[in-house]
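# Coordinates in review
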Amino acid sequence: MRKSLLAAAGVLSTAALVLAGCSSDSGGSDGPPTVVASTNVWGSVAAAVAGDKAQVTALYNNADGDPHEFEPSAADTATIADADILVFNGGHYDSYMEEAAANSDATAVDAFALLGGDEHAAEAEGEEHGSDGDHAGGDHSDGAHDHAHGDQNEHVFYDLPVVAQVADKVADALAEQDPGNAETYRANAEKFTTGIDGLRAKLTTIRQQHAGTEVAQTEPLAGYMLTEAGLVDIAPAGFTQAVEEGQSPAAADRAALQDILADRRAKVLIYNTQAVDPVTQAMLDVAGSAGVPVVKFTETLPDDVTDYVAWQNGQIDALTAALASGTR
Ligand SMILES: [Zn+2]
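Residues numbered from 1 in each chain as written. Predicted model: local features only at pLDDT ≥ 70, side-chain atom pairs only at ≥ 80, totals over all residues. Heavy atoms only, no water.

### What to know about the overall build of the protein
Helices and strands together make up the secondary structure of the protein, namely 13 helices and eight strands. For the protein, with 328 residues in total, the buried portion stands at 50%. Pairs at least 24 apart in sequence give 65% of the contacts found in the protein among residues at least 6 apart. Summed over all atoms, the accessible surface of the protein reaches about 14400 Å², with 49% contributed by carbon and sulfur. (Helix = DSSP H or I, 4+ residues; strand = E, 2+ residues; numbered from the N terminus. Buried < 20%, exposed > 50% of the residue type's maximum accessible area, 1.4 Å probe, protein only. Contact = heavy atoms within 4.5 Å. Areas by Shrake-Rupley, 256 points an atom, 1.4 Å probe, with all protein chains shown as cover.)

The structure is reproduced here in structure tokens:
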């Protein structure tokens, strides 16, 4: 809308708009591609691929809050409407983006929809994954989702193969929008994927040293990563699901997790710093008293981190150190 006002003014050229750094109106064909991501985690994946050739905006950037609870403002909705490419988690984690994608011409990159893709061949159920990066907007109805992935953990930003696939899809989408920089986007995605491979190598090392080790999480945040590392989350599902849903865990689940920690059956407590209530805080105290090492994991990027691989690298290193101290 602002674009048409400026066009009506008839003075400002497209180049002037870009040089002026107009942050919300470079969409369409008259500027660098615009990418809007739901959280800064998905924004960091998109930014790694975009480099300095496209503009990436993340809507949720609060390192202290809970992105599950996020509702976009009117300004956010306008930003989404102007985007060329939407990058989001899917699986109802950020359903406002799923809805926006369904009602928009923007190319959608839906991470959750990639579960069951190349790296998860065992779970493949015949979904068609086109190579053009824009399949997710149209051919995944909510009903199909629920059928295919209804019970699956929505925190797919801890599923490293899916994250690498998202980078590739973003590169496809950017290359389509901006063919002149296609090689740059693909090279950036390749570099990012090399970083992901490095993270996965660290998980392989954990698996080699600690396969089958029991740990506990306060929320099912890092489920995919723990599975790849060969670790077993023994926190009661009722506890972690309640925390994920922003509810207080039931007394029985709370007592069960308390015992798991007090008896040191869990060798490490993985504590989501962005899904906190008095019950999770009590578990932190129980772990502390029992001498169970605690690793603090986050749902979005910490304030001092902008790079996805650096973020996960720090978390995996912390997990590795905790496992070493907890299983002595
Ligand atoms: Zn969560």
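Moving on, there is more to tell.
### Examining the pairing of strand β1 (residues 34–39)
Most of β1 is tucked away: six of the six residues are buried. In this sheet, strand β2 (residues 55–60) lies alongside β1 in parallel orientation, the contact comprising five bridges. Looking at β2, one finds that T34 is bridged to Q55. Regarding topology, helix α3 (residues 40–50) serves as the crossover connection from β1 to the parallel β2, and that connection is right-handed. (Pairing = 2+ DSSP bridges. Right-handed = clockwise from strand over helix to strand, strands pointing away.)

### Structural notes on the coordination of the zinc ion
The textbook angles at a metal center are 109.5 degrees for a tetrahedron of four donors and 90 or 180 degrees for an octahedron of six. With distances of 2.0 to 2.7 Å, the protein atoms coordinating the zinc ion are H68 (NE2), H155 (NE2), E219 (OE), E219 (OE), E299 (OE) and E299 (OE). Angles of 50 to 167° at the metal separate the six donor atoms of the zinc ion, which places the site in the irregular class. Written as a sequence motif, the donor residues of the zinc ion are H-x86-H-x63-E-x79-E. Here H155 is found in the loop between α6 (142–149) and α7 (160–177), whereas its partner E219 is found in the loop between β5 (214–217) and α9 (223–228), with 64 residues between them in sequence. Considered together, H155 and E219 belong to a single accessibility category, that of buried residues. (Donors = N, O, S within 2.8 Å, 3.2 Å for Na, K, Ca; no water. Tetrahedral: all angles 85-135°; square planar, octahedral: opposite > 155°, others 65-115°.)

### Description of the confidence of the model for the protein
Mean pLDDT over the protein: 85, with 80% of residues reaching 70 or higher. A low-confidence stretch, residues 1–28 stays under pLDDT 50, and its non-local contacts, those more than four residues away or across chains, total 26 contacts. Low pLDDT, under 50, characterises residues 119–148; the predicted model gives this stretch 54 contacts beyond four residues in sequence or across chains. (pLDDT = per-residue confidence, 0-100.)

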